[in-house]
Amino acid sequence: MIKPHGSDILLPRIVEDGSSRKEILESSKNMKSIKICSAAASNLVMLGAGYFTPLEGFMDKEDVLSVANNMKIKNDLFWPTPVMNLVKEDPGISVGEEVALIDPNMSNENVIAVQKINNVEHLTPDDVDLIVEKTFGTKDPEHPGVKTMYEQGNYLISGPVKVLNYSYFEEEFSSTFRTAVQIRQDIEAKGLNNVVAFQTRNPMHRAHEELCRMAAEQVDADGILIHMLLGKLKPGDIPADVRDAAIRTMVKHYFPENFVMITGYGFDMLYAGPREALLHALFRQNCGCNYLIVGRDHAGVGDYYGAFDAQEIFGQIPDNALEIKIFNADHTAYSKKLNKVVMMKDVTDHTKDDFVILSGTKVREMLSNGESLPEEFARPEVAEVLMKHYMEK
């Protein structure tokens, strides 16, 4: 199986042993506590689950600026986006101290992790501007990822962590949330040798379904990992439970049994386009996948990124930065001429009118009105799941 990033073995930062976890939780009652932001909490989930192997915890200022400028931490390990614990006020903690990190997404003052403090550093407005611009390619506060990062604060708390739980993900998405450890175990148990991963924050329509099929055929994959984001999205995106139901319906009806693994991971979407595509590849390598499908405007939002920026950035990193390979995909759509889903770049004789293409706005409008989507665009069983959601809103 493909090796994890920067390590011979996966390094999940979760405290697995129940008695050790109980002991740490008891000790945390005597520690200073910090209620962290949702982005930091989702970083902890990724650290705990092994997705962020080999990181031990939150980055310090030197690493954050090195990642922003050069996409590597100070030991030269490739890393495309900062992994930060930012707070708005000086937390009044000392180097070497252990603090309890409180999950902002749970109502019971849940201690999600304990962090040993290596440093507390102040980021200047210029530092934050640089980090934002390098990560997102823009400082526009209308960009959802930029807006979120600017709201996190200027005090950077670095140091290793002991993760105690996976926030709300295990309970709310018990059938879907999986750690990188669990996915590797599943791949090994199934005897798979060449797995292609598909990242999604949306329901999958026929074009997505066929894209997975095309990729699997072209790279001779013996399995597909549909890996959906379960964390926070921007307003208007389909909720994770609805997306999950729609994807499971599609796989049940239209893929061979046991060929597709449907899983999810607990992370808040960055909408960082090219940089986030690199991160997606890195943690799919940690899952044990050999390929990641990278499509048009992967991890993008609005008009901030070019259609293929997320593919082109893979040609700009060192050859040895990642072991996982990329399956570059164009936009896929149903061809009225050929009566099948195709990659639009492969049919140069087609005009826009030769494809069945619906905007997200049009899809939402039709479903809200109880109108069926064209079968060329969406499988009827999937459309039914989505229509129920929109009509109940």
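That block above? That's the structure.
Presented here is a report on the structure given in the accompanying data block. These figures come from a predicted structure and were not determined experimentally.

## Considerations on helix 3 (residues 61–70)
Here's step 1: Of the residues making up helix 3, those classed as buried are D63, V64, S66, V67 and A68.
Here's step 2: Here the buried face of helix 3 lies against helix 4 (125–136), strand 7 (155–163) and helix 10 (274–287).

## Overview of the sheet that holds strand 13 (residues 332–335)
Here's step 1: Read from one edge to the other, the open sheet built from three strands follows the order 14-13-15, with strand pairing classed as antiparallel. The open sheet has two edge strands, strand 14 (340–343) and strand 15 (355–356), and neither has a second partner.
Here's step 2: Here two bridges tie strand 13 to strand 15, and the two strands are oriented antiparallel to one another. Bridging from a neighbouring strand, Y334 pairs with V356 of strand 15.
Here's step 3: In this fold helix 8 (residues 206–218) packs onto strand 13 and strand 14, with an angle of close to 65 degrees to the strand it touches most, strand 14.

## Details of the pattern of salt bridges
Here's step 1: One pass over the structure, following the stated rule, counts 19 salt bridges.
Here's step 2: Here K29 ties to E26 by a salt bridge, and the two come within 3.1 Å at their closest N and O atoms.
Here's step 3: With its nearest N and O atoms 3.1 Å apart, the salt bridge here joins D244 to R248. Of this pair, D244 and R248 both sit in helix 9 (residues 240–254), separated by four residues, roughly a single helical turn.
Here's step 4: Judged by relative accessible area, D244 falls into the buried class, the value being 10%.
Here's step 5: For R248, a relative accessible area of 29% corresponds to the partly exposed category.
Here's step 6: Beyond isolated ion pairs, a larger network of salt bridges with shared partners links E209, E210, R213 and R379.

## A short note on unusual backbone geometry
Here's step 1: Between T53 and P54 the backbone carries a cis peptide bond, its omega angle lying at 10 degrees.
Here's step 2: With respect to the helices, strands and loops of the structure, P54 is situated in the loop between helix 2 (38–48) and strand 2 (57–58).
Here's step 3: Even without glycine at this site, D76 takes up a positive phi of about 75 degrees.
Here's step 4: Tracing the backbone through its elements, the reader meets D76 in the loop between helix 3 and strand 3 (86–87).
Here's step 5: Phi is positive for N258, which is not a glycine, with a value near 70 degrees.

Rules and cut-offs
Residues numbered from 1 in each chain as written. Predicted model: local features only at pLDDT ≥ 70, side-chain atom pairs only at ≥ 80, totals over all residues. Heavy atoms only, no water. Buried < 20%, exposed > 50% of the residue type's maximum accessible area, 1.4 Å probe, protein only. Helix = DSSP H or I, 4+ residues; strand = E, 2+ residues; numbered from the N terminus. Contact = heavy atoms within 4.5 Å. Pairing = 2+ DSSP bridges. Axes fitted to C-alpha atoms, helices over the stretch in contact; angles between N-to-C directions. Salt bridge = Lys/Arg side-chain N within 4 Å of Asp/Glu carboxyl O.

All quantities given are derived from atomic positions and should not be read as evidence of function.
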